[in-house]
Amino acid sequence: MRLKQSFIKTLRDAPKEETARGAKFLSRAGYVHKELAGVYDYLPLGLRVLENIKKIIREELNRIGGQEILMTTLQNPELWKKTDRWDIEKMDIWFRTELAAGGELGLAPTHEEPITEMMKTYIKSYKDLPFSAYQFQTKFRNELRAKSGIMRGREFLMKDMYSFSSNQADHDEFYHQVEDAYKRIYERLGLGDCTYQTFASGGVFSKYSHEFQTIIEVGEDTIYYNADKSVVLNEEVLIPEVLEELGVKREELESARAAEVGNIFTLKDKYSAPLNLEFMDQDGQQKPVLMGCYGIGVSRVMGVIAEKFADEKGLVWPENVAPFKYYLIGIGEAGLSKAEELYQGREEEILFDDRDLRPGEKFADSELMGIPYRIVVSDKTLANGQAELTNRATHETTLISIDQI
Ligand code: ATP
Ligand code: MG
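A brief structural summary. The structure presented is a predicted model; accordingly, all values stated were derived computationally and were not measured.

On to the overall build of the protein. The helix and strand tally for the protein stands at 11 helices and 21 strands. Taken along its principal axes, the extent of the C-alpha atoms in the protein is 80 × 60 × 45 Å. When contacts within the protein are restricted to residue pairs at least 6 apart in sequence, long-range pairs at least 24 apart make up 67% of them. Roughly 19,200 Å² of accessible area belongs to the protein as shown, and the carbon and sulfur atoms make up 49% of that amount. Charge-centre separation for the protein: the mean point of 52 positive side chains lies 3 Å from the mean point of 68 negative side chains.

Taken together, 13 residues lie near ligand 1, and Arg141, Glu143, Gly153, Glu260 and Asn263 sit nearest. Arginine 152 has a polar side-chain atom sitting 2.9 Å from an oxygen atom of ligand 1. Measuring from an oxygen atom of ligand 1, one finds a side-chain N or O atom of asparagine 263 at 2.5 Å. Expressed as a share of its isolated accessible area of 580 Å², the protein-covered part of ligand 1 is 81%. Contributing elements (two or more residues each) for the shell around ligand 1: strand S8 (155-165) and strand S13 (254-268). For the shell around ligand 1, the element with the highest residue contribution is S13, accounting for 4 residues. Among the residues forming the shell around ligand 1, the class breakdown is 4 nonpolar, 4 polar and 5 charged.

The next point concerns the sheet that holds strand S20 (residues 386-391). Taken together, the 5 strands give an open sheet; going across it, the order is S18-S17-S19-S20-S21, and neighbouring strands pair in mixed fashion. Edge positions in the sheet fall to strand S18 (350-352) and strand S21 (397-401), since each has one partner strand and no second. Taken pair by pair, the neighbouring strands of this sheet meet at an average axis angle of 30 degrees, ignoring direction. Bridging between strand S17 (residues 326-331) and strand S19 (residues 373-378) involves 6 bridges; their strand directions are parallel. Pairing of isoleucine 331 across the sheet is with serine 378, part of S19. Together, S17, S18 and S19 form the strand contacts of helix H10 (residues 359-369), whose direction differs from that of S17 by roughly 180 degrees.

Before going further, it helps to spend a moment on the pairing of strand S2 (residues 39-42). In the sheet, strand S1 (residues 32-36) pairs with S2 via 4 bridges, with the strands oriented antiparallel. In the sheet register, lysine 34 faces S2, and the bridge partner there is tyrosine 40.

Let us look at the sheet that holds strand S4 (residues 74-75). Pairing in this open sheet of 3 strands is antiparallel, and the strands run S4-S6-S5 from one edge to the other. Edge positions in the sheet fall to S4 and strand S5 (95-98), since each has one partner strand and no second. Relative to strand S6 (residues 104-107), S5 runs antiparallel, the two being bridged by 4 bridges. Across the sheet, phenylalanine 95 pairs through a bridge with leucine 107, a residue of S6.

By secondary structure assignment, the location of glutamine 177 is in helix H5 (residues 168-188). Residue glutamine 177 is classed as partly exposed on the basis of its relative accessible area of 28%. When the C-alpha atoms of glutamine 177 and arginine 63 are compared, they prove to be 9.7 Å apart, with 114 residues separating the residues in sequence.

So, how was this worked out
Residues numbered from 1 in each chain as written. Chains lettered and ligands numbered in written order. Predicted model: local features only at pLDDT ≥ 70, side-chain atom pairs only at ≥ 80, totals over all residues. Heavy atoms only, no water. Helix = DSSP H or I, 4+ residues; strand = E, 2+ residues; numbered from the N terminus. Contact = heavy atoms within 4.5 Å. Areas by Shrake-Rupley, 256 points an atom, 1.4 Å probe, with all protein chains shown as cover. Lys, Arg positive; Asp, Glu negative; His and termini not counted. Charge placed at Lys NZ, Arg CZ, Asp CG, Glu CD. Near = heavy atom within 4 Å. Polar contact = N/O pair within 3.5 Å; in protein donor to acceptor, adjacent residues only side chain to side chain. Nonpolar A, V, L, I, M, F, W, Y, C, P; charged D, E, K, R; others polar. Pairing = 2+ DSSP bridges. Axes fitted to C-alpha atoms, helices over the stretch in contact; angles between N-to-C directions. Buried < 20%, exposed > 50% of the residue type's maximum accessible area, 1.4 Å probe, protein only.

Below you can see the structure in the form of structure tokens.
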């Protein structure tokens, strides 16, 4: 991508309500544009980051047999009445709207109800089970507070996966596969070292659910862990019975601020019973399908990565999610024409700063944007057949031969 042709301009100031460092940089570096509190547009660089995150998630979920779908945003209130989640008293985060033809619709905050209803068309017998389906979809939630940039949106991108099984053993097996897939996902996203699978409350039907929590100063949650982090739990389950069961004492636990980047739930028949999603079992009986749901906050993950790795100069993207691998600058006549030559055919890997700006401004923007490697070709380096290669994360600069590039 050429910066000269791009409409993106780096900005001196972030929107004034933005408080966190990463959130400010995402705006200033032109990754996102804020429409309203909790409502963001993704610009070319930001969209590339989102797509890279989605690609990693998609690859890992496909590996465990997930089938990708795309469901609708508009929701039929009748389904949500059956599970007692249409009432604002029960679900206070609804955005709801009137139909011109009369009646109401909701904007999906999640998709358990519609996918359960949809599967009634496709699940008849135990032979149809088990399987899982997932989507990347925009969710709408009327969150009371939306002050953490893209980490808490009123409109945000979620990956939600749902599993359907005929028996507990099949459900458990898939649940464990998702646990492993999530570990690989956070590892590949660059968050492996600071993300923990955390015990959380599981509601009525299973004892625990699990959250995936990334330790980060600006996180909205608090997690508790023992020294080797083999036991990590969230605030909801920090109660004597649970501590006893997990074999830890309160005074052995330290706390840290964290952001919930994903979660996995055993639902049993919580949705299939009220919505009547049943199958004919081997014994000839009709039984409710056992379900699980598995979320990842895709846009929240982007915000968390931005926040986690930013330094005083700007964003620092891990290579796997960076919008481009290289930021290319040519200085002087020969340097510029060599840069042009290097850029040819590598438009997907290189963000080429071909703007008519002073080198200092280009250096500053390359740091603000957080592209992993900066290549500077100048008349001076070129005299020795070389270019400068700078690592954004370590600030190390080395000279490499042009041929090596
Ligand atoms: P939270 O406790 O942060 O509100 P939640 O328990 O409501 O999250 P789920 O409904 O299970 O979360 O959603 C699945 C995932 O979607 C969460 O783990 C989180 O990563 C992400 N998520 C939830 N709410 C938001 C939001 N308002 N903006 C961005 N991401 C979100
Ligand atoms: Mg929530």
